[in-house]
Amino acid sequence: MDVFECMRDRRSIRSYRDIPVEWELVCRIIRAGKAAPCAGNQQNWKFIVVLDKAKRAAISETCLQQYWMQTAPVHIVVIGEPQKAKQYYGVRGERLYTIQSCAAAIQNMLLAAHALGLGGCWIGAFDEDMLKKAVGIPDYVRPQAVVTLGHPAEKPPEPWEYRLYDITHLDKWDRKVKDVNWIVKDFSVTMNKKAKEGADRLVEHGKKAVDSGRKLVSDATQRLKPKQ
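Only a predicted model underlies this, so the values are computations on that prediction, with no experimental measurement involved. (Residues numbered from 1 in each chain as written. Predicted model: local features only at pLDDT ≥ 70, side-chain atom pairs only at ≥ 80, totals over all residues. Heavy atoms only, no water.)

**Section: the pairing of strand S3 (residues 119–123)**
Put simply, side chains in a regular strand alternate between the two faces of the sheet. Where we set the bar: Exposure categories follow from relative accessible area, calculated using a 1.4 Å probe and restricted to protein chains: below 20% of the type maximum is buried, above 50% is exposed, and the middle band is partly exposed. Under the scheme used here, helices are H or I runs from DSSP no shorter than 4 residues and strands are E runs no shorter than 2 residues, and both carry numbers assigned from the N terminus. Strand pairing follows a simple DSSP-based rule, namely that at least 2 bridges must link the two strands.
Extensive coverage of S3 is indicated by the burial of four of its five residues. Inspection of the sheet shows S3 paired to strand S4 (residues 142–150) by five bridges, in the antiparallel sense. Looking across to S4, one finds that Trp 122 is bridged to Val 147.

**Some details on the environment of Leu 51**
Within the secondary structure, Leu 51 is located in the loop between strand S1 (45–50) and helix H3 (53–62). Counting along the chain gives 21 residues from Leu 51 to Ala 72, while the straight-line C-alpha distance between them is 9.3 Å.

**Side note on the nonpolar core**
This is how the line gets drawn: Take the buried Ala, Val, Leu, Ile, Met, Phe, Trp, Tyr and Cys residues and link them wherever side-chain atoms come within 4.5 Å; each set so joined is a nonpolar core. The contact definition used throughout considers only heavy atoms, calling two residues in contact when any of these lie within 4.5 Å.
Of all hydrophobic cores here, the largest spans 24 residues; its most connected members are Ile 29, Ile 76, Val 78, Ile 106, Met 109, Val 147 and Leu 149. For this core, the leading source of residues is helix H4 (residues 82–115), giving eight residues. With sequence-adjacent residues up to four places away left out, Ile 106 is seen in contact with Val 78, Trp 122, Ala 145 and Val 147. Counting 17 residues, the second largest nonpolar core, distinct from the first, contains Ala 72, Cys 121, Ile 123 and Ile 137.

**Thoughts on the packing of aromatic side chains**
For clarity, the cut-off: Ring geometry is summarised as follows: Phe, Tyr and Trp rings, the Trp one being its six-membered ring, pair when their centres sit within 6.5 Å, and such pairs are stacked at plane angles under 30 degrees, edge-to-face over 60 and tilted between the two. Counting as a charge over the ring demands two things of the Lys NZ or Arg CZ atom: a distance within 6 Å of the ring centre and an angle within 35 degrees of the ring normal.
Applying the stated criterion across every chain yields a total of three aromatic pairs. Summarising the aromatic geometry, the rings of Tyr 89 and Tyr 97 are spaced 5.2 Å apart at their centres and angled 80° between planes, so their arrangement reads as edge-to-face. In this structure, Lys 176 is placed above the aromatic ring of Tyr 165, and the distance from its NZ or CZ to the ring centre is 5.9 Å.

**A closer look at the packing of helix H2 (residues 23–34) against H4**
Condition: What counts as an axis is a line fitted to C-alpha atoms, over the stretch in contact for a helix, and the angles between N-to-C directions run from 0 to 180 degrees. Whether a crossing is left-handed or right-handed is set by the direction in which the near helix is turned from the far one by less than a right angle, anticlockwise for left-handed and clockwise for right-handed. Residue type decides the class: Asp, Glu, Lys and Arg count as charged, Ala, Val, Leu, Ile, Met, Phe, Trp, Tyr, Cys and Pro as nonpolar, and the leftover types, Gly among them, as polar.
For the pair H2 and H4, interaxial distance at closest approach is 7 Å and the crossing angle is 145°. H4 is crossed by H2, and the crossing has right-handed handedness. Of the residues in H4, those in contact with Ile 29, Ile 30, Ala 32 and Gly 33 of H2 are Ala 105, Asn 108, Met 109, Ala 112 and Ala 113. Grouping the constituent residues of the contact of H2 with H4 by class yields seven nonpolar, two polar and no charged.

Structural data, given as structure tokens:
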């Protein structure tokens, strides 16, 4: 699948088949994560791969008792190193850039998992102290999320989404434009679209006129029939 198909069809998977994930696939997913963009190319992230059943159960407990997570044979705890970013970028690096970099890595991993025929889910709800204790995370780094991986046992439907018009502003806040092609002076796209819409309307009106004419002829024929 191409990247656009992968982004469009990916879903959050919360039910997994009882099948182990090949280590080679896990490594490919982590490589995808570390290929993500990050501030200053610091790559201030770490990934803890958890395969042990008891530890996965403990992680699901720390994630506000989301016990469905235990069905996933692989958990990846994504760790951020905020002090590393703080050295170069101050408080902004500590509180923003680290989170952004880890988020980009997580999205890469989820897309890679889907492209490989696996399912994944991004879990950001957890008790940080409990999670640190469960997998031995030191105090100077912070867990950012847990990613579950496995062979999906469900196929969630396509979710509802906002229209592009609802979320896109042009040049400044609250300037919404339904027809961006007209604004950027690519009139051909708009004109072709309008022409097609007009042709479709003419065809529809023509069909209705033909149907109406046939009905009139049928009614007239019925009225002109001699009475028995």
